Amino acid sequence: MSKRILITATELHLVQFWIYHIDRLIRDGFEVELVCSNVGDKLEQLKEKLVQAGNPRLTVVNLHRNPLNPDNINGYRQLRKYFKNNDYDIVITNEPVMGVMTRLAARDLRRRGTKVIYFAHGFHFWKGAPALNWMIFYPIERFASHFTDLIVTMNTEDYNLAEKDFKSCEVKYTYGIGARLEKFCEDSDVRKQKRDELGINGEKVIFTVSELTDRKNLYLAFDAVKRVVEDGYDVRYYIRGVGPLEADYRKYLEENGLSDRVFLLGYGKDIMEMNNAADVFLFTSKQEGLPVAVMEAMSCNTPCVVSDIRGVNDLISDENGGYLCPLGDSVAFALDIEKILKEPQMKAELTEHNKEKLEPYRIENVYEFLKGLVS
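Quick caveat: nothing in here was measured; it's all calculated off a predicted structure.

**Student:** Which parts of the structure should I look at to understand the side chain of Thr102?
**Tutor:** Looking at where Thr102 falls in the secondary structure, it is placed in helix H4 (residues 96–105). A polar contact of 2.9 Å, which involves the side chain of Thr102, links it to the side chain of Thr8. One polar contact links Thr102 to Thr93, side chain to side chain, over a distance of 3.4 Å. Thr102 has contacts with Thr8, Leu79, Phe83, Val91 and Thr93, leaving out every residue within four places of it along the chain.

Rendered as structure tokens:
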């Protein structure tokens, strides 16, 4: 008899990370069902994708991302009622609020033999995180670990912390939730075509994929690029992404004389093309779990200058893929950008191990890990 699996997450998270795995699990004979909350207005998009992925049953509960939202109590009650009426061999849950509420609501199921697995895509507490994050999220996660059979972590820092502090359950490490990298590769023809489209005529190109939010730390990126320009380099800096700080950024760029150097491109589907057009991929984020954007740049053999933070330093080390820079140090970022711009022949040496490094992160390989957990 096939095993029954329940996966719980926000609808946005399921759209972004789980469609491939859901489809593969169903095709491999597992009975899969889903419970989600609706936090990002992607519920209809999720339903459309699920039709193409075996069309598993989907139930929506009333949970919010803010752990202090009192309405989460209603969502918890909905989960409790749901688990009274449904049995599963395995429950897989994701994200802080859904993860905690699912594990609490599934206590009776677990006593009856259900295995409960929590995928930690990046704890909301990390080295250097605000004290409030540690005060709120750390004790909640530690408490919830007592109602968990297995925590799956996706970067070295989270794995080491969970293994040390969450003794009540097993902890495993996996290479993310799976990256779709088959369309990302180095291509000289694509590079030329995209640079021609951008009007590049000898300038060096720096590229970033990023939400326009405080977490992505783009003011530091602007400062680093400004230093590179002041040091005499003819560069253009392009950013793909949208977010609430766009107006603030445009004002800052205008006030700092960077409007003809830094270009906010908005949303676009040309990430592979932009990575090929770029001489440097810049990533100044303050906090990540495991950034797919860096993997995509690596897959195109674009040298990366990145923050030395959790998840990012699982992918990049100095002179392997690019350079790590201390968080907040725009001078270090500028100097490492200049190293690459000054000596373009370094690209092959910096990126020669990228393919080997990325192989475990490919979605097909991560699925085999997941299948092993539920078989």
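**Student:** Looking at this structure, how should I read helix H2 (residues 43–51)?
**Tutor:** Burial in H2 covers these residues: Leu43, Leu46 and Leu50. Looking straight down H2, one finds that the buried residues subtend no more than 55 degrees of arc, so they occupy a single side. In H2, the exposed positions angled more than 90 degrees off the buried face are occupied by Glu44 and Glu48.

**Student:** I'm lost on the nonpolar core in this one. Help?
**Tutor:** In globular proteins that are soluble, nonpolar side chains generally tend to be buried together. Among the nonpolar cores identified, the biggest contains 33 residues, and Phe207, Phe281, Val294, Met295, Cys304, Leu315 and Ile316 are the most heavily contacted of them. Put simply, the parts of the chain that give this core at least two residues each are helix H8 (188–198), strand E8 (204–209), helix H11 (271–277), strand E11 (280–283), helix H12 (292–299) and strand E12 (304–307). Non-local contacts of Leu315, meaning those with residues more than four positions away in its chain, are made with Leu290, Pro291, Val294, Met295, Met298, Asn320, Lys357 and Tyr361. Val228, Val280, Phe333 and Leu350 belong to the second-largest nonpolar core, a separate cluster that totals 32 residues.

**Student:** What is the right way to read the sheet that holds E8 from this model?
**Tutor:** Sheet strands pair via backbone hydrogen bonds, and the direction of the pair is either parallel or antiparallel. Read across the open sheet, the 7 strands follow the order E10-E9-E8-E11-E12-E14-E13; overall the sheet is parallel. Looking at the sheet topology across the chains shown, the edges are occupied by strand E10 (262–266) and strand E13 (317–318). Inspection of the sheet shows E11 paired to E12 by 3 bridges, in the parallel sense. Each bridged residue has a counterpart across the sheet, and for Phe283 the counterpart in E12 is Val306. Lying on the sheet, helix H9 (residues 218–230) is in contact with E8, strand E9 (235–240), E10 and E11; it crosses E9 at an angle near 165 degrees.

The rules behind these values
Residues numbered from 1 in each chain as written. Predicted model: local features only at pLDDT ≥ 70, side-chain atom pairs only at ≥ 80, totals over all residues. Heavy atoms only, no water. Helix = DSSP H or I, 4+ residues; strand = E, 2+ residues; numbered from the N terminus. Polar contact = N/O pair within 3.5 Å; in protein donor to acceptor, adjacent residues only side chain to side chain. Contact = heavy atoms within 4.5 Å. Buried < 20%, exposed > 50% of the residue type's maximum accessible area, 1.4 Å probe, protein only. Arc of directions from axis to C-beta. Core = buried A, V, L, I, M, F, W, Y, C linked by side-chain atoms within 4.5 Å. Pairing = 2+ DSSP bridges. Axes fitted to C-alpha atoms, helices over the stretch in contact; angles between N-to-C directions.

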